[in-house]
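If you want the building blocks of each chain, they are given just below.
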Amino acid sequence: FNSPIDAFVTEQAAILDFENRVRLVAAAADEPFLFYTGVGEDHFTGVMTWSLKGFKQALQKISIKSLEFHNSRGDFEKWAEKTLHDKRLKEELKKIRVSEQKGKALRKSLIKTVTERFDQLSKQIETATKYF
């Protein structure tokens, strides 16, 4: 670097970029989403996720029974709002719930919605950090 100031600015930019990349992967979940197939501990599937990225991956593999259980109760939208602090995602998930989709159509809609939101957030972070 030509000066200590140049080195400092570069170091700060690198830290900010790293922090934003970690946040994107973690997507700021305060609590994990625990997948169940019914009410009670004996219905826990053993699957939990702490991030929007992990949630997207879990939606692809978790049983339809679990997806239908949580969707009918509004659990997905509650998690989006309360732990991810994402009201936009909450509203999109609510639309899916009120449409009363079932089976593979439900899985497809959930994955599409979560993937689109994840991509939006990725672009926002990329735009915010592109000059660092």
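Quick note: structure is the one above.
It should be emphasised that the depicted structure is a prediction, and the values quoted were computed from it without experimental measurement. (Residues numbered from 1 in each chain as written. Predicted model: local features only at pLDDT ≥ 70, side-chain atom pairs only at ≥ 80, totals over all residues. Heavy atoms only, no water.)

A. Inspection of the nonpolar core at higher detail. If you look at the biggest cluster of nonpolar residues, it comprises 21 residues, and the most contacted ones within it are Phe55 and Phe76. Contributions of two or more residues to this core are made by strand E1 (33-36), helix H2 (52-61), helix H4 (75-82), helix H5 (87-98) and helix H6 (103-129). It is H6 that provides the largest number of residues to this core, a total of six residues. Beyond its immediate chain neighbours, meaning those up to four positions away, Phe76 contacts Phe33, Phe35, Phe55, Leu59, Leu67, His70, Asn71, Leu93 and Leu110. (Core = buried A, V, L, I, M, F, W, Y, C linked by side-chain atoms within 4.5 Å. Buried < 20%, exposed > 50% of the residue type's maximum accessible area, 1.4 Å probe, protein only. Helix = DSSP H or I, 4+ residues; strand = E, 2+ residues; numbered from the N terminus. Contact = heavy atoms within 4.5 Å.)

B. Up close: the environment of Gly54. Mapping Gly54 onto the fold places it in helix H2. Gly54 gets classed as buried once you look at its relative accessible area, which sits at 17%. Separated by 22 residues in the primary sequence, Gly54 and Pro32 place their C-alpha atoms 10.0 Å from one another.

C. Up close: the pattern of salt bridges. In this structure the tally under the stated criterion is seven salt bridges. Residues Lys90 and Glu91 are paired through a salt bridge, measuring 3.4 Å at the closest nitrogen-oxygen approach. A single salt-bridge network, built from bridges that share partners, covers Glu81, Lys90 and Glu91. (Salt bridge = Lys/Arg side-chain N within 4 Å of Asp/Glu carboxyl O.)

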